Structures are given as structure tokens and as C-alpha cells.
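The residues making up each chain are set out below.
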Amino acid sequence: MRWIFLLVPGGFGLLLVWGGVFGVMQQRALQRRGVHAKGIVVDVVRSRSRVVTYHPVVEFTGSDGKSHRFENSYSSATHESDVEKGKPVDVLYVADDPSNAVIGRSAGSISGSVAAAVLGLIVLALLMFFSNPQRGMSVVGSLRWVAVALIAGTGLAFFVSGSIWGARRYLLLHSGARAEGAVLNYLPAARGSGSMAVIGFKAGDAQQHQFAASTFAKYKDGARLEVIYKPHDPSVAVVNDFQQFWLGPLATTLFGLFFVFLGWLAYVFLKDAASDELSKVISERL
């Protein structure tokens, strides 16, 4: 009979984990292969959950020339009248899968999906402890070293990635060609509600080239900026200022070092704890 009561919360936990992982995969696909299009709110649907909310239904024309519709579950309203029918919106969708689409300003945030997956894992962990506390403690003891390895490994991956990124920027700084660029306009960013500055410049081949630069503080329209680019591949170009050139590699490297340090601290703490526990067991047996 006890297992019947465990099935319901267990199923709920698994559903949260699956939904969170699926949401993260969808968002990652949008971030990697997202294409912008203009859409319009054509309908409103009511949620099926106990908490009543209303979601906009958006229609847009994809790159295939066909009309597509989707329910934007990432934005909601408490009243049906709060959703404006006929409102034009920016749509972000995966080119080869138009069913994977969201309203542009609600794209890029995976925090909700990650939170759902973490909550599901917490529910499953609590069930494991309540169903068999001894086994739960044994599993936790065996997994602690796996957790340390994951923390340190994540930090090492970020550190290596940031270092390679920084090395490439260093080589570009010393071997790249320079040109004067200008801010042409701004486009909605695939990630979050920010924007991408479109920079235009004329390379050594006398051709006009453009590239998008993410920016935390907007440049003025028409602002003149120095651009460094690869002479044999002008599509690889970066604005020559600290924010655009060095902030990304530096932040990634420092983030990796921080997690490596956390992994080292966890290793030292757990190693000392394991040594004390082993000494206690030996003393009791002697």
C-alpha cells in the first residue's frame, strides 16, 4: 500500500524532470538555430492547470512560405482580456522545425525549465529518503565524489573554453586587419530580451561586410568603431573595445577557475571527513 502513495509524487517528480530537460533542449535549439519572423496574436487559450491563466496563440509565416501557429506557453495573463488579439509580435523559431517557436521577448530564458528539473530531482530524492533512509544515505555517500568531479569538471571545461577563446582573440589582435566600422541598426537577440548591434565595415577587399555584436550598453546609432577582422575571412570580426573583445573570454575563464576552486574545497572537506570516519571505525574495531 505504501508504494501507491509513492507513485503519485514519484510520477510528479519524473514529469518535472522530463519537462525541465525538454524545455532546456527547446531553448537551446532556439538559441543555436533561431530565426526571427513577424507574427500576430490570433487567439487566446486557457490553461488546463488548476491555476487559470491565458496564453496567446500566434500565427506567423515561416521561411518555407507556409503559415504556422503556436501557443506561447512562456508568457501568460491572469485575464483573457489582457491578451491583445491582433497585436503584432516578434517570433523566434527553429528554421527546420517551425513548431518550436516562441514570442521573441520570451525566448532565451531557461531558468524556469532548469528550476522545474531541479525541483523534480529534489522530489525524487526526498522520496528515496522517506522510502528507505539507510539506502538513501548510502547512495548520497557514494555520489558525493561524483558531485565533486562534476563541479571540478564543469569548472575545468569553462576554464579551457575561456582560455582557448582568449588565445584566439589574442591572435586576432596581433594578426588581424583593422577597419573603421559603424553601427547600422539593432536586431532582437535570440537570447533574452536584449539586442544585437549590426556593425558594418569595408574590408581590404573593398567589399562591405556586416556582423552582429551583442552589447550590454547600446552604442549610438551611426557610432564609429574600430573593427578587427581576419584578412582572409572578414566574417570573423570583433569590435575593438574591452566589452566586445575581452569580457567574454575573461568572464568564462574566471567562472571556470571559481568552480575548480569550489571542487578543490569540496574534495579537501570530504577527504578529511572520510579520513575521520575511517579512523573512528578502526578505533572502534580495535
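Residues numbered from 1 in each chain as written. Predicted model: local features only at pLDDT ≥ 70, side-chain atom pairs only at ≥ 80, totals over all residues. Heavy atoms only, no water.

**Student:** How should the overall build of the protein be read in this particular structure?
**Tutor:** Helix and strand counts for the protein stand at five helices and 10 strands. A burial count over the protein gives 32% of its 286 residues as buried. Counting contacts in the protein only where the partners sit at least 6 residues apart, residues at least 24 apart contribute 61% of the total. Just so you have it, the protein exposes about 18300 Å², and 63% of that area is on carbon and sulfur atoms. (Helix = DSSP H or I, 4+ residues; strand = E, 2+ residues; numbered from the N terminus. Buried < 20%, exposed > 50% of the residue type's maximum accessible area, 1.4 Å probe, protein only. Contact = heavy atoms within 4.5 Å. Areas by Shrake-Rupley, 256 points an atom, 1.4 Å probe, with all protein chains shown as cover.)

**Student:** It is not clear to me how the pairing of strand β3 (residues 67-71) should be interpreted in this structure. Could you clarify?
**Tutor:** Consecutive residues of a regular strand have side chains that alternate between opposite faces of the sheet. With burial as the criterion, only one face of β3 is covered, namely that bearing His-68 and Phe-70; the residues Ser-67, Arg-69 and Glu-71 on the opposite face remain uncovered. In this sheet, β3 lies alongside strand β2 (residues 54-61) in antiparallel orientation, the contact comprising five bridges. Directly across from Val-57, in β3, lies its bridge partner Glu-71. Remark: five residues form the turn of the hairpin made by β2 and β3, two consecutive strands paired antiparallel; Gly-65 in that turn has positive phi of roughly 80 degrees. (Pairing = 2+ DSSP bridges.)

**Student:** Quick question: what am I supposed to make of unusual backbone geometry here?
**Tutor:** Its identity is not glycine, yet Ala-206 carries a phi of approximately 70 degrees, on the positive side. Among the structural elements, Ala-206 can be located in the loop between β7 (195-202) and β8 (208-214). Judged by its relative accessible area of 55%, Ala-206 is exposed.

**Student:** What is the right way to look at the environment of Ile-122 in this model?
**Tutor:** Examined against the element boundaries, Ile-122 turns out to sit in helix α2 (residues 111-131). Relative accessible area serves as the criterion here: at 43%, Ile-122 is assigned to the partly exposed category.

**Student:** Teacher, can you tell me more about the nonpolar core here?
**Tutor:** Burial of nonpolar side chains together is a common tendency in soluble globular proteins. Judged by nonpolar contacts, the single largest core of 16 residues is most densely connected at Val-183, Ile-199, Phe-201, Phe-211 and Tyr-219. Contributing elements (two or more residues each) for this core: β6 (177-188), β7, β8, β9 (224-230) and β10 (233-239). When neighbours within four sequence positions are excluded, Ile-199 is seen to be in contact with Gly-181, Ala-182, Val-183, His-209, Gln-210, Phe-211, Ala-213, Leu-225, Val-227 and Val-239. Core analysis: the next-biggest nonpolar cluster, separate from the first, contains 13 residues, Val-44, Tyr-93, Ala-101 and Ile-103 among them. (Core = buried A, V, L, I, M, F, W, Y, C linked by side-chain atoms within 4.5 Å.)

**Student:** What is the right way to look at the packing of aromatic side chains in this model?
**Tutor:** Aromatic ring pairs are defined here through the distance separating the ring centres and the angle between the ring planes. Taken as a whole, this structure holds nine aromatic pairs when the rule is applied. Here the aromatic rings of Phe-60 and Phe-70 are separated by 5.9 Å at their centres, their planes lie at 70 degrees, and the arrangement is edge-to-face. Of this pair, Phe-60 sits in strand β2 while Phe-70 sits in strand β3; the two residues are 10 residues apart in sequence, bridging distant segments of the chain. As far as burial versus exposure is concerned, Phe-60 and Phe-70 are alike and both buried. Here the aromatic rings of Phe-201 and Phe-211 are separated by 5.9 Å at their centres, their planes lie at 70 degrees, and the arrangement is edge-to-face. You can see Phe-201 sitting in strand β7 and its partner Phe-211 sitting in strand β8, a full 10 residues away along the chain. Positioned over the ring face of Phe-245 is Arg-169, at 5.5 Å from the centre of the ring. (Phe/Tyr/Trp six-rings, centres within 6.5 Å; stacked < 30°, edge-to-face > 60°. Lys NZ or Arg CZ within 6 Å of the ring centre and 35° of its normal.)

**Student:** Honestly, the environment of Thr-53 in this entry has me stumped. Any pointers?
**Tutor:** Locating Thr-53 in the fold gives a position in the loop between β1 (34-46) and β2. Taking the relative accessible area as the measure of exposure, Thr-53 reaches 16% and is therefore buried.

**Student:** Explanation requested: a nonpolar patch on the surface in the structure shown.
**Tutor:** Together, Phe-258, Phe-261, Leu-262, Trp-264 and Leu-265 give the surface a local cluster of nonpolar side chains, amounting to about 500 Å² of exposed area. Of note, Leu-265 is situated in helix α5 (residues 247-285). (Patch = residues over 30% accessible without salt bridge, like charges linked within 9 Å, V, L, I, M, F, W, Y side chains within 5 Å. Salt bridge = Lys/Arg side-chain N within 4 Å of Asp/Glu carboxyl O.)

**Student:** Is there a simple way to think about the side chain of His-68 in this case?
**Tutor:** If you trace the backbone, His-68 turns up in strand β3. Accessibility expressed as a relative area gives 18% for His-68, which makes it buried. Once residues within four sequence positions are removed from consideration, His-68 is found in contact with Val-58, Glu-59, Phe-60, Gly-62 and Pro-98.

Geometry only, nothing functional implied.
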